[in-house]
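Overview (structure and organization)
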Amino acid sequence: FRKLFINLDLVIADPPKNAKKELLEMFPTGVKITSQPPSPEREFVTGIVTVTQAGRDLTFKGPGQNKTSAQLAACKMALKIIKLRNSLPG
């Protein structure tokens, strides 16, 4: 396996966290995770994550085949954008 996965030791030493868990650890009191069921014109569930950061509400949406995958997609989107905003100067 080491030939296929060069970074295997790093992943074993520090395994990646679930996006939902990571988001809840970053903002213990400022996260609301919900989902919208599919409507007749669309066939996927929409996960909605609202993060309260510095007095502002940031809303992120993610599609999925079911409630769990939709919420996970929304959490991944939230983490990606929040980390990008925090890494920008200013």
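Here we summarise the structure given alongside this text. Please read these numbers as outputs of a predicted model, since none were measured by experiment.

Scoring rules and cut-offs
Residues numbered from 1 in each chain as written. Predicted model: local features only at pLDDT ≥ 70, side-chain atom pairs only at ≥ 80, totals over all residues. Heavy atoms only, no water. Pairing = 2+ DSSP bridges. Helix = DSSP H or I, 4+ residues; strand = E, 2+ residues; numbered from the N terminus. Axes fitted to C-alpha atoms, helices over the stretch in contact; angles between N-to-C directions. Contact = heavy atoms within 4.5 Å. Expected span 1.5 Å × (residues − 1). Buried < 20%, exposed > 50% of the residue type's maximum accessible area, 1.4 Å probe, protein only. Polar contact = N/O pair within 3.5 Å; in protein donor to acceptor, adjacent residues only side chain to side chain. Core = buried A, V, L, I, M, F, W, Y, C linked by side-chain atoms within 4.5 Å.

1. A word on the sheet that holds strand 2 (residues 45-53)
The strand order 1-2-3 describes an open sheet built from three strands, whose pairing is antiparallel. Every other strand in the sheet has two partners, leaving strand 1 (31-36) and strand 3 (56-64) as the edge strands with one partner each. For this sheet the average axis-to-axis angle between neighbouring strands, irrespective of direction, equals 20 degrees. One ladder, built from nine bridges, connects strand 2 with strand 3; its direction is antiparallel. Residue Thr-50 lies in a different strand from strand 3, and its bridge partner there is Thr-59. Where helix 2 (residues 19-26) meets the sheet, it contacts strand 1 and strand 2, and its direction lies at approximately 145 degrees from that of strand 1. Across the sheet, helix 3 (residues 67-87) is in contact with strand 1, strand 2 and strand 3; its angle to strand 3 comes to roughly 135 degrees.

2. A word on the pairing of strand 2
For strand 1 and strand 2, the ladder comprises six bridges, and the chain directions are antiparallel. From the neighbouring strand, Gln-36 faces strand 2, where its bridge partner is Thr-46. Counted along the chain from strand 2 to the antiparallel partner strand 3, the turn is two residues long, and its residue Ala-54 has a positive phi close to 55 degrees.

3. Section: helix 3
In this model, helix 3 (21 residues) spans 30 Å end to end at C-alpha, consistent with the 30 Å of a helix rising 1.5 Å per residue. Among the residues of helix 3, those classed as buried are Ala-70, Gln-71, Ala-74, Cys-75, Ala-78, Leu-79 and Ile-82. Check the buried side of helix 3 and you find it contacts helix 2, strand 1, strand 2 and strand 3. The residue sitting at the N-terminus of helix 3 and contributing the capping side-chain oxygen is Asn-66; that oxygen lies 3.3 Å from the backbone nitrogen of Thr-68.

4. Overview of the nonpolar core
Leu-23, Phe-27, Val-31, Val-49, Val-51, Phe-60 and Ile-82 are the most contacted members of the largest nonpolar core, which totals 13 residues. Every element with two or more residues in this core is listed here: helix 2, strand 2, strand 3 and helix 3. Top element by residues in this core is helix 3. It accounts for five residues. Apart from residues no more than four positions distant in its own chain, Phe-60 is found in contact with Gly-47, Ile-48, Val-49, Val-51, Ala-74, Met-77, Ala-78, Ile-81 and Ile-82.

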